[in-house]
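Residue strings, one per chain:
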Amino acid sequence: EMMTLSVGGAEHHASYIANHLSDLGYDVRIILLADGCVDYQLRDNITVVDLQNESYPENVLRLSIFQKAKLKFLRRFSKGRFDWYDQKLLVVNNFAKKVEYFLSKQDRIENSLIISFLSQPNISACYGKKKCGYKVIMAEFSSPQDEFKKTAPENKLKERYFRLCDGFIFQTEEQRAFYSYLKNIDTKIIPNPIEAITVKATGVRSKEIVNFCRLSTAKNIPL
């Protein structure tokens, strides 16, 4: 489960893992939450589902009367203390309820599980876990301490829903330490895979270190 499969680090890892699992004989289906764009080569037998192109009943797409009333009340009297509820409704109604509905309408596949990447898909996967009945394994491909500000509502959502997952894959000990509240969750550290480089270099070599990335704190460019 991903937001998209356009160009990006997590997207690259997701496509690599999907292809590897497919090569091992697993039936792999990729659910995209926000955009059906696929910029990576996938095996022919991998199914890609774009949730934005699926059909949903009105109760999935719209806020309930209770949600509208609660949102109106909090906006008027909470003085910003419950901004996380706004963000919850954004994530839940844009993504999580769609994931839950889609999975609940599919034929149940025994011995299957959901592997989810990135914060909003992870929240969505955990939100819909009870109804679909699958185990959820989540993966962290970023620096969680730099992804959101400490006061960001997304952190509250992560703490609330991440506890529902069955396993969590990290790349580093620092990532695992950030989620100190996941004490009863099985966690593993699996570093990034290194793909074989097949391009042959020609010409004169020079000893230079080259880095290609977005300019953000999480990339730790000074290091």
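Just so it is clear, the model here is predicted, and its values are computed rather than measured.

Visitor: Let's hear about the sheet that holds strand S4 (residues 135-139): which residues, and what values?
Guide: As summarised here, the arrangement of the four strands in space is S3-S4-S5-S6, forming an open sheet in which the pairing is parallel. Here the strands that pair on one side only, and so sit at the sheet edges, are strand S3 (113-117) and strand S6 (186-189). Put simply, the sheet's adjacent strands are angled 20 degrees from each other on average, direction ignored. Set on the sheet, helix H5 (residues 119-127) makes contact with S3 and S4; between it and S3 the angle comes to about 155 degrees.

Visitor: Account for unusual backbone geometry, naming residues and giving values.
Guide: Its identity is not glycine, yet Leu 118 carries a phi of approximately 80 degrees, on the positive side. Mapped onto the elements of the fold, Leu 118 is located in the loop between S3 and H5. Given the relative accessible area of 24%, Leu 118 is considered partly exposed.

Visitor: Please provide a residue-by-residue account of the packing of aromatic side chains, values included.
Guide: Taken as a whole and judged by the stated rule, the model has ten aromatic pairs. The rings of Phe 162, Phe 168, Phe 170, Phe 178, Tyr 179 and Tyr 181 are connected pair by pair, giving a single aromatic cluster.

Visitor: Tell me about helix H1 (residues 9-23), residues and numbers included.
Guide: Owing to its 3.6 residues per turn, the α-helix aligns residues three or four sequence positions apart on the same side. Taking 1.5 Å per residue, 15 residues should reach 21 Å; H1 reaches 21 Å between its end C-alpha atoms and fits that length. Those residues of H1 hidden inside the fold are in contact with strand S1 (29-32) and S3. In the stretch just after H1, Gly 25 is the one whose phi turns positive, near 100 degrees.

Visitor: With reference to specific residues and values, describe the pattern of salt bridges.
Guide: Side-chain pairing between opposite charges can occur once the charged atoms of the two side chains come close. Within this structure, the stated rule accounts for six salt bridges. Linking Asp 23 and Arg 43 is a salt bridge whose minimum nitrogen-to-oxygen distance equals 2.9 Å. With Asp 23 in helix H1 and Arg 43 in the loop between S1 and strand S2 (47-50), this residue pair connects regions lying 20 residues apart in the sequence. Taking relative accessible area as the criterion, Arg 43 reaches 34% and is therefore assigned partly exposed. Among the ionic pairs, Arg 176 bridges to Glu 173, the shortest N-O distance being 2.8 Å. Of this pair, Arg 176 and Glu 173 are both found in helix H9 (residues 173-178), three residues apart, which corresponds to roughly one turn of the helix.

Visitor: I'd like a description of the pairing of S6, backed by residues and values.
Guide: Across four bridges, strand S5 (residues 167-170) lies against S6 in parallel orientation. If you follow Ile 169 over to S6, its bridge partner there is Lys 188. In the classification by handedness, the crossover that spans S5, the intervening H9 and the parallel S6 is right-handed.

Visitor: Could you give an account of the nonpolar core, with specific residues and numbers?
Guide: The biggest cluster of nonpolar side chains holds 30 residues, and the ones touching the most others in it are Leu 51, Phe 162 and Phe 168. For this core, the secondary structure elements donating two or more residues are helix H4 (83-104), H5, S4, helix H8 (153-161) and S5. With five residues, H4 is the single largest residue contributor to this core. Residues in contact with Leu 51, not counting those within four places in the same chain, are Ile 31, Leu 32, Leu 33, Tyr 56, Lys 98, Val 99 and Phe 102. Formed by twelve residues, the second largest nonpolar core is a distinct cluster that contains Ala 18, Val 28, Leu 32 and Ile 46.

Conventions adopted
- Note that residues are indexed from 1 along each chain, following the sequence as it is written.
- Confidence filtering applies because this is a predicted model: local features only for residues at pLDDT of at least 70, side-chain atom pairs given and counted only at 80 or more, and all residues used for totals across whole chains, interfaces and linings.
- The side-chain numbers reported here are obtained from all heavy atoms of the structure, hydrogens and water having been left aside.
- Each pair of strands is called paired provided DSSP finds at least two bridges between the two strands.
- A run of DSSP states H or I qualifies as a helix once it reaches four residues; a run of E qualifies as a strand once it reaches two. Both are numbered from the N-terminal end.
- Lines fitted to C-alpha atoms define the axes, with helix axes restricted to the stretch in contact, and inter-axis angles between N-to-C directions lie between 0 and 180 degrees.
- We call two residues contacting when some pair of their heavy atoms lies within 4.5 Å.
- Think of it in three bands: residues with accessible area under 20% of the maximum for their type are buried, residues over 50% are exposed, and the middle band is partly exposed, with areas taken using a 1.4 Å probe on protein chains only.
- The rule is short: rings of Phe, Tyr and Trp, with Trp giving its six-membered ring, pair when the centres are within 6.5 Å, and they are stacked under 30 degrees, edge-to-face over 60, tilted in between.
- Expected helix span is computed as 1.5 Å times (number of residues minus one).
- Salt bridges are counted wherever a side-chain nitrogen of Lys or Arg sits within 4 Å of a carboxyl oxygen of Asp or Glu.
- By definition, the crossover connecting two strands over a helix is right-handed if that path, from the first strand to the second, turns clockwise as seen with the strands pointing away from the viewer.
- To form a nonpolar core, buried Ala, Val, Leu, Ile, Met, Phe, Trp, Tyr and Cys residues must be joined to one another through side-chain atoms within 4.5 Å.

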